[in-house]
Amino acid sequence: MKKEKVRISSGKLWMGSIVAALLCAVAVFMVMLQIEKNMLSRFEKANVLAAVCEIPRGQVINEENWKTYICVKEVDKSCIASASICEIADVCTMSALYDIEEGTLLTKGMFEPLQEVLSEMKEPVIASIKADDLCHLAGGILRPGDRIHIYRVSDLGEVMIGWENVFVQQVFDHSGLAISGDDRASAAQRINVYMDKDSMEEFYAQLATGSLRAVKVLR
C-alpha cells in the first residue's frame, strides 16, 4: 500500500513538473513573440515623398511637373515625421521656400501654398513685364517663385514703395522660352507676376512713364 501511494505521489509530481514546464515554455514563447513583434515594428516600412533631384527655391509643383522633382520612397516608418508629405495631392500647387537637395524627405515646412499668395488679392490677375520696363528686372536673375518689391521714382528723384512682395509666376528668356527655377545661366527678359486687378490701371500707367524699379526680395 505504501509503495502504491509513493508511486501515485511520484506520478502526480511528474505530471505537475510537465505541466509547469509546458506553462513555462508557453510563457517564454509569448515573451519571445512579443519581443520579435516589437523589433519588427521598428523596421515597418511606409511610403513618403522625396526629392528626386534638387528642387529650386520658388519652384511650383503641379500635376504636370511633379514627376520631374518628386518620387515616392519606401523608408522605415520611424524615419517619417508627423509633418512629412506622403501624398502627391498634398504638395501640388505648392512653392518651394528654399533649395531642396536631392534625396531629401519632403515635409510641409519646405513649401508654401500658392493659394495663400492669391488669397491676399480680391481678383488676382497675371501681369507681364519686360526687363527694360523695370530696369532689367533685377539683373536678369529672377526665377519662378521669387518675390520682388516695386518702387516708384518721382520726377524729383523721391523713391517710395509701390507694391510689396509681388510673386513671380513665370520667367522667360530673350527667345520667349520659359526659364525653369533650376536654370542658373539664362537671363530673365520678361516675367509674369500675380497682381490684384484693382491696381493694374495704376501699375501700367506708372510703367509707361518709366518710373518703376524692381528689386528682388532675398529670403
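That block above? That's the structure.
This report concerns the structure included in the present document. (Residues numbered from 1 in each chain as written. Predicted model: local features only at pLDDT ≥ 70, side-chain atom pairs only at ≥ 80, totals over all residues. Heavy atoms only, no water.)

1. Comments concerning the environment of lysine 216
Inspection of the secondary structure puts lysine 216 in strand S10 (residues 212-216). Spatially, the C-alpha atoms of lysine 216 and isoleucine 141 are 8.7 Å apart, while their sequence positions differ by 75 residues. (Helix = DSSP H or I, 4+ residues; strand = E, 2+ residues; numbered from the N terminus.)

2. Re the nonpolar core
Core analysis: the biggest nonpolar cluster contains 20 residues, and Ile148, Ile150, Ile191, Val193, Met195 and Phe203 have the highest contact counts within it. Of all elements in the fold, only strand S6 (124-130), strand S7 (147-153), strand S8 (159-172), strand S9 (190-196), helix H5 (200-209) and S10 reach the threshold of two or more residues within this core. At 4 residues, the largest contribution of residues to this core is made by S8. Once residues lying within four places of it in the same chain are set aside, the contact partners of valine 193 are Val125, Ile126, Ala127, Ile129, Ile148, Val166, Phe167, Val168 and Gln169. (Core = buried A, V, L, I, M, F, W, Y, C linked by side-chain atoms within 4.5 Å. Buried < 20%, exposed > 50% of the residue type's maximum accessible area, 1.4 Å probe, protein only. Contact = heavy atoms within 4.5 Å.)

3. Topic: the side chain of arginine 152
For arginine 152, the position within the fold is in strand S7. We classify arginine 152 as buried; its relative accessible area is 16%. Within polar-contact distance, the side chain of arginine 152 engages the side chain of glutamate 202 at 2.3 Å. (Polar contact = N/O pair within 3.5 Å; in protein donor to acceptor, adjacent residues only side chain to side chain.)

4. A few points about the side chain of histidine 149
Counting through the fold element by element, histidine 149 comes out in strand S7. For histidine 149, a relative accessible area of 17% gives the class buried. Here the side chain of histidine 149 touches asparagine 165 through a polar contact of 3.0 Å, landing on its backbone nitrogen. Ignoring any residue separated from it by four or fewer positions in sequence, one finds histidine 149 in contact with Ile161, Trp163, Glu164, Asn165, Arg213, Ala214, Val215 and Val217.

5. Re the sheet that holds S7
In spatial order, the strands read S6-S9-S8-S7-S10; together these 5 strands make up an open sheet with antiparallel pairing. Both edges of this open sheet fall to S6 and S10, since each of them pairs with a single strand only. Each neighbouring strand pair of the sheet contributes to a mean axis angle of 40°, computed without reference to strand direction. As paired elements, S8 and S9 share 4 bridges and run antiparallel to each other. What sits directly across from phenylalanine 172, in S9, is arginine 190. (Pairing = 2+ DSSP bridges. Axes fitted to C-alpha atoms, helices over the stretch in contact; angles between N-to-C directions.)

6. Here we look at the sheet that holds strand S2 (residues 60-61)
The strand order across the open sheet built from 3 strands is S2-S4-S5, with neighbouring strands paired in antiparallel fashion. Edge positions in the sheet fall to S2 and strand S5 (111-113), since each of these pairs with one other strand and no more. As defined by bridge partners, strand S4 (residues 94-96) adjoins S5 across 3 bridges and the pair is classed as antiparallel. The residue bridging serine 95 from the neighbouring strand is glutamate 112, located in S5.

7. Section: H5
Buried residues of H5: Met200, Phe203 and Leu207, and no others. Looking down the long axis of H5, one finds its buried residues gathered within 60° of arc, a one-sided arrangement. Turned more than 90 degrees from where H5 packs its buried face, Glu201, Ala208 and Thr209 sit exposed. Among the structural elements, S6, S7, S8, S9 and S10 are those in contact with the buried residues of H5. (Arc of directions from axis to C-beta.)

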